[in-house]
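# Remarks on the overall topology
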Amino acid sequence: QVQLVESGGGLVQPGGSLRLSCAASGSIFNTNAMGWYRQAPGKQRELVATITSGGSTNYADSVKGRFTISRDNAKNTVYLQMDSLKAEDTAVYYCNLRYYYIGVYEYWGQGTQVTVSS
């Protein structure tokens, strides 16, 4: 069993910053990808950023230059530094862990609310 626990969400003003954390625990394959997805009311869940255990990153165009994803492989923890936040960043942010071992294994956290409002 793998458990992902997110933290760091909250209410911030436009232009402000938040840092999200997601700690994974359990039996985790060392080669994996972790990332953040978000879902706003009435919209589909979308990719925000991902990072592999090797350090390769991928960002949604909407957050490039504003968000930074990083990870600590030893702790199986992924972080999302969010700067210059906009109202449209308001969503529930979900942590994701994915790896391949014969088939695909994918796990999700329960989500943390990020609200950007004046």
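Shown above is the structure to which this text applies.
Residues numbered from 1 in each chain as written. Predicted model: local features only at pLDDT ≥ 70, side-chain atom pairs only at ≥ 80, totals over all residues. Heavy atoms only, no water.

## Things to note about the sheet that holds strand S1 (residues 2-7)
Rule in force here: Strands qualify as paired when DSSP identifies two bridges or more between them. Runs of H or I in DSSP of at least four residues are treated as helices and runs of E of at least two as strands, each being numbered from the N terminus. Lines fitted to C-alpha atoms define the axes here, with helix axes fitted over just the stretch in contact, and angles between the N-to-C directions of these axes take values from 0 to 180 degrees.
Spatial ordering of the open sheet is given by S1-S3-S8-S7, a layout of four strands whose pairing is antiparallel. This sheet does not close on itself; its edge strands, each paired only once, are S1 and strand S7 (67-72). Sheet twist, expressed as the mean angle between neighbouring strand axes with direction ignored, is 15°. Of the strand pairs in this sheet, strand S3 (residues 18-26) and strand S8 (residues 77-82) are connected by six bridges, and their pairing is antiparallel. Counted as the bridge partner of Leu-18 is Met-82 from S8.

## Examining the pairing of S7
We count it as follows: Accessible area is worked out with a 1.4 Å probe on protein chains only. A residue is then buried under 20% of its type maximum, exposed over 50%, and partly exposed in between.
Burial along S7 is one-sided: Phe-67, Ile-69 and Arg-71 are buried, and none of Thr-68, Ser-70 and Asp-72, which face the opposite way, are. Linking S7 back to S8 in an antiparallel pair, the connection comprises four residues, with Asn-76 at a positive phi of about 50°.

## Re the pattern of salt bridges
Note the threshold: For this document, the term salt bridge refers to a Lys or Arg side-chain nitrogen within 4 Å of an Asp or Glu carboxyl oxygen.
On inspection of all chains with the given rule, the structure shows five salt bridges. The partner of Asp-89 in a salt bridge is Arg-66, and the shortest N-O contact between them spans 2.7 Å. One end of the pair, Asp-89, is in the loop between S8 and strand S9 (91-101); the other, Arg-66, is in the loop between strand S6 (57-59) and S7, and 23 residues separate them in sequence. Its relative accessible area of 0% is what places Asp-89 among the buried residues. Accessibility expressed as a relative area gives 10% for Arg-66, which makes it buried. Overlapping salt bridges bring together Arg-38, Glu-46, Arg-66 and Asp-89 as one network.

## A few points about the nonpolar core
Applicable threshold: The criterion is simple. A nonpolar core is a set of buried Ala, Val, Leu, Ile, Met, Phe, Trp, Tyr and Cys residues joined through side-chain atoms within 4.5 Å. Contact definition: two residues touch when any of their heavy atoms are within 4.5 Å.
Ranked by internal contacts, the top residues of the largest apolar core, which has 28 residues, are Trp-36, Leu-80, Met-82 and Tyr-93. The contacts of Leu-80, once residues within four sequence positions are left out, are Leu-18, Arg-19, Leu-20, Trp-36, Val-48, Ala-49, Phe-67, Thr-68, Ile-69 and Tyr-93.

## Description of a nonpolar patch on the surface
Short version of the rule: Here, patches come from residues exposed beyond 30% relative accessible area and free of salt bridges, joined within 9 Å for like charges and within 5 Å for nonpolar side chains (Val, Leu, Ile, Met, Phe, Trp, Tyr). Reported accessibility uses the Shrake-Rupley method at a 1.4 Å probe radius. Residues are deemed covered only where the shown protein chains occlude them.
A cluster of nonpolar residues, Phe-29, Tyr-101, Ile-102 and Tyr-105, forms a patch on the protein surface that exposes about 470 Å² of accessible area. Here Ile-102 is to be found in the loop between S9 and strand S10 (103-108).

Geometric values such as these leave the question of function open.
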